[in-house]
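Tertiary structure, described
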Amino acid sequence: MNVKKISHLGIAVPDIEKYVSSFKDVFGLELTGIEEVLDQKVKVAFLTVGESRLELLEPTDPSGAVGKFLEKRDGKPGFHHMALEVEDVEASLKEAEEKGLELIDKKPRIGAGGAKIGFIHPKSTAGVLTELCEHKKD
Ligand code: ZN
């Protein structure tokens, strides 16, 4: 598996506008955009941190994974997942499965910004939900 860098760290929040402005103010980070990802029932905002980013996720529906995560925490925001940028998500998911990791996604799906993504179960990755992602090369 060719991991290039930490793509982003995902933080679940109940109110994206509030946390975007606080992260901008406190850390001076630049917002690169807010979009809704229907498939995952979230609104996401990306803030640039050097070569990586912070991804704030606000559920748009309580039945989604992030909605359930916040519900379990009584609505308190918190660290949700780490995302590793890889060269080829499909091949990386296959490799992870062959090595005995438990996958949430056996096949890549499309995430924020049109990236190909796939999740590995936290059981297999030291308790940290791990996303593999592949961004289109410009
Ligand atoms: Zn993510």
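Note that the structure is a prediction, hence the values are computed from the model and not measured.

**Considerations on empty space enclosed by the protein**
Evaluation of the coordinates by the stated rule reveals one cavity of 30 Å³ or more. Computed from the structure, the largest cavity encloses a volume of approximately 90 Å³. Considering the residues around the largest cavity, the lining is formed by 16 residues, among which Glu-55, Gly-111, Ala-112, Ile-117 and Glu-131 are closest to the centre. Every element with two or more residues in the lining of the largest cavity is listed here: strand S3 (42-49), strand S4 (52-59), strand S7 (116-120) and strand S8 (130-134). Element by element, the count of residues in the lining of the largest cavity is highest for S3, at three residues.

**Observations regarding the packing of aromatic side chains**
Counting across every chain of the model gives one aromatic pair. Ring plane angle 45° and centroid distance 5.7 Å describe the contact between Phe-23 and Phe-27, whose orientation is recorded as tilted. Within this pair, Phe-23 and its partner Phe-27 are both found in helix H1 (residues 16-27), separated by four residues, close to a single helical turn. By relative accessible area, Phe-23 is classed as buried at 15%. Over the ring of Phe-46 we find Arg-53; its NZ or CZ atom is 3.8 Å from the centre of that ring.

**So, the coordination of the zinc ion**
Distances from the zinc ion to its protein donors, His-8 (NE2), Glu-55 (OE), His-81 (NE2) and Glu-131 (OE), fall at 2.1 to 2.2 Å. Considering all four donor atoms around the zinc ion, the spread of angles at the metal, 85 to 167°, places the coordination shape in the irregular class. Between consecutive donor residues of the zinc ion, the sequence gaps follow H-x46-E-x25-H-x49-E. Taken together, the residues span a long stretch of sequence, with His-8 in strand S1 (residues 3-12) and His-81 in strand S5 (residues 78-86) at a distance of 73 residues. Each of the two residues, His-8 as well as His-81, counts as buried.

**Observations concerning the pattern of salt bridges**
The tally for this structure, following the rule as stated, stands at six salt bridges. Among the salt bridges present, the one from Glu-90 reaches Lys-107, with a minimum N-O distance of 3.5 Å. Of this pair, Glu-90 sits in helix H3 (residues 89-98) while Lys-107 is found in the loop between H3 and strand S6 (109-110), placing the two residues 17 residues apart along the sequence. Judged by relative accessible area, which is 56%, Lys-107 ranks as exposed. Close ionic contact of Lys-123 with Glu-102 constitutes a salt bridge, the shortest N to O distance being 3.3 Å. Placement of the pair is Lys-123 in the loop between S7 and S8 and Glu-102 in the loop between H3 and S6, with a sequence separation of 21 residues. By relative accessible area, Lys-123 is classed as exposed at 64%. In the salt-bridge network here, residues are joined through shared partners; they are Asp-39, Asp-105 and Arg-109.

What counts, and where the lines are drawn
- Residues numbered from 1 in each chain as written.
- Predicted model: local features only at pLDDT ≥ 70, side-chain atom pairs only at ≥ 80, totals over all residues.
- Heavy atoms only, no water.
- 1 Å grid on protein atoms, 1.4 Å probe; cavity = no way out; pocket = protein on both sides within 12 Å on 5 of 7 lines; lining within 4 Å.
- Points joined across faces, edges and corners; volume = space filled by probe spheres on them.
- Helix = DSSP H or I, 4+ residues; strand = E, 2+ residues; numbered from the N terminus.
- Phe/Tyr/Trp six-rings, centres within 6.5 Å; stacked < 30°, edge-to-face > 60°.
- Buried < 20%, exposed > 50% of the residue type's maximum accessible area, 1.4 Å probe, protein only.
- Lys NZ or Arg CZ within 6 Å of the ring centre and 35° of its normal.
- Donors = N, O, S within 2.8 Å, 3.2 Å for Na, K, Ca; no water.
- Tetrahedral: all angles 85-135°; square planar, octahedral: opposite > 155°, others 65-115°.
- Salt bridge = Lys/Arg side-chain N within 4 Å of Asp/Glu carboxyl O.

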